[in-house]
Amino acid sequence: MLVDPYSFPAEPLLDQIADDQPGMPVLGGLASAGGGPGSAVLFCDDQVVSDGAVGVTVAGVDVFPVVSQGARPIGPEMAITAADANVIHELASQPALERLKSAILELEPGERALAAAGLLIGIVIDENRPEYERGDFLVRGLLGADEESGSIAVGERVRVGQTVRLQVRDAGSADEDLREALAQLSDELPAPPAGALLFTCNGRGSNMFAEPDHDAAALDQALGGAPAAGFFCAGEIGPVGARSFVHGFTATMAVFPG
């Protein structure tokens, strides 16, 4: 699915697809080259459009989704014990802000420095797993905090009972996360890859890594030179658990085994 970010509500559609077709992965991205409404260019058969979204369903061909959110979990896992919409009031039965501060103080100095540069939160989507690894968390930003109430706002709706964990993102974490995801893919592919589609954030590339073409080069190495195509996005679409989301600073991939 390829989307004009100014005119099409991608997230409500992904919610609807998750309800109608549970477990069906959706991959793609939001057009990033345009500078405002009406500046996107989308192709649908022989038509060129500047708004909306275009997509294709794939049947009869295996597609292996890969999502690398470029973040690393740090600190303890914490259960949400009071929340409303995207506001967490309590973590582990303590005011959420107080519990976050305690978790940060428990970090090693290097991790504390990364947290100071930009702290994120990971939300477990599938609570039925015996333990949670990197790919089990939906990574979202911390939008704000209320010192008086001790609540924090995050960039996703949450509910009581979900598990969260602090996350940090830097070039090293993003590189490690991508290579781990691709190594796991290599173990799962039933046949050598025939090709792939790559949708990567325009905040990655040379904005995040010391060298250009980082994500494409890592994918090329993992696929043994199989052809790949894609583009830089203003938001990437890919699954976490059984449903798909719009991400940021992420690389999502659709890999086709031979």
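Look up: the structure comes first, before these words.
The notes below deal with the structure included here.

Conventions used here
Residues numbered from 1 in each chain as written. Predicted model: local features only at pLDDT ≥ 70, side-chain atom pairs only at ≥ 80, totals over all residues. Heavy atoms only, no water. Helix = DSSP H or I, 4+ residues; strand = E, 2+ residues; numbered from the N terminus. Rg over C-alpha atoms; globule rule 2.2 N^0.38 Å. Buried < 20%, exposed > 50% of the residue type's maximum accessible area, 1.4 Å probe, protein only. Contact = heavy atoms within 4.5 Å. Polar contact = N/O pair within 3.5 Å; in protein donor to acceptor, adjacent residues only side chain to side chain. Salt bridge = Lys/Arg side-chain N within 4 Å of Asp/Glu carboxyl O. Arc of directions from axis to C-beta.

1. Remarks on the overall build of the chain
And step 1. A tally of regular secondary structure across the chain gives 5 helices and 17 strands.
And step 2. Taken over the C-alpha trace, the chain has a radius of gyration of 19 Å; the compact-globule value for 258 residues is 18 Å, and the two agree within 12%.
And step 3. Principal-axis analysis of the C-alpha atoms gives the chain an extent of 55 × 35 × 35 Å.
And step 4. Split into buried and exposed, the 258 residues of the chain put 42% on the buried side.
And step 5. Expressed as a percentage of contacts within the chain between residues at least 6 apart in sequence, the contacts between residues at least 24 apart total 76%.

2. Considerations on the side chain of Ser173
And step 1. When you line up the elements, Ser173 lands in helix 4 (residues 171-188).
And step 2. Judged by relative accessible area, Ser173 falls into the buried class, the value being 3%.
And step 3. In terms of polar contacts, Ser173 uses its side chain to reach the side chain of Asp170, at 2.6 Å.
And step 4. Setting aside residues up to four positions removed in sequence, Ser173 forms contacts with Gly70, Arg72, Arg134 and Val168.

3. So, the pattern of salt bridges
And step 1. One pass over the full model with this rule turns up 10 salt bridges.
And step 2. The shortest N-O distance in the salt bridge between Asp15 and Arg243 comes to 2.7 Å. With a gap of 228 residues between them, Asp15 in helix 1 (residues 10-20) and Arg243 in strand 16 (residues 243-247) connect regions that are remote in the sequence.
And step 3. The salt bridge involving Glu176 is made with Arg134; its shortest N-O contact spans 3.7 Å. Linking Glu176 in helix 4 with Arg134 in the loop between strand 10 (119-124) and strand 11 (137-146), this pair joins segments that are 42 residues apart in sequence.
And step 4. A single salt-bridge network, built from bridges that share partners, covers Arg134, Glu176, Asp177 and Glu180.

4. Some remarks on helix 5 (residues 214-222)
Since the α-helix advances by 3.6 residues per turn, residues separated by three or four positions end up pointing in the same direction.
And step 1. Within the sequence span of helix 5, burial applies to His214, Asp215, Ala218 and Leu219. All buried residues of helix 5 lie within an arc of 125° about the axis, which places them on one face of the element.
And step 2. Contacts made by the buried residues of helix 5 are with helix 4, strand 14 (193-201), strand 15 (228-240) and strand 17 (251-257).
And step 3. Just past helix 5, the residue Gly224 takes up positive phi, approximately 65°.

5. Here we look at helix 2 (residues 96-105)
And step 1. Turning to helix 2, its buried residues number three or more, namely Ala96, Leu97, Arg99, Leu100 and Ala103. Down the axis of helix 2, the buried set is contained in an arc of 160°. They therefore lie on one face.

6. Examining the environment of Gly141
And step 1. Mapped onto the elements of the fold, Gly141 is located in strand 11.
And step 2. Relative accessible area serves as the criterion here: at 26%, Gly141 is assigned to the partly exposed category.
And step 3. Separated by 20 residues in sequence, Gly141 and Ile121 have C-alpha atoms that sit 6.2 Å apart.
And step 4. Look past the residues within four positions of Gly141 in its chain and what remains in contact with it is Leu120, Ala153, Val154 and Gly155.

All we've got here are geometric facts, nothing functional implied.
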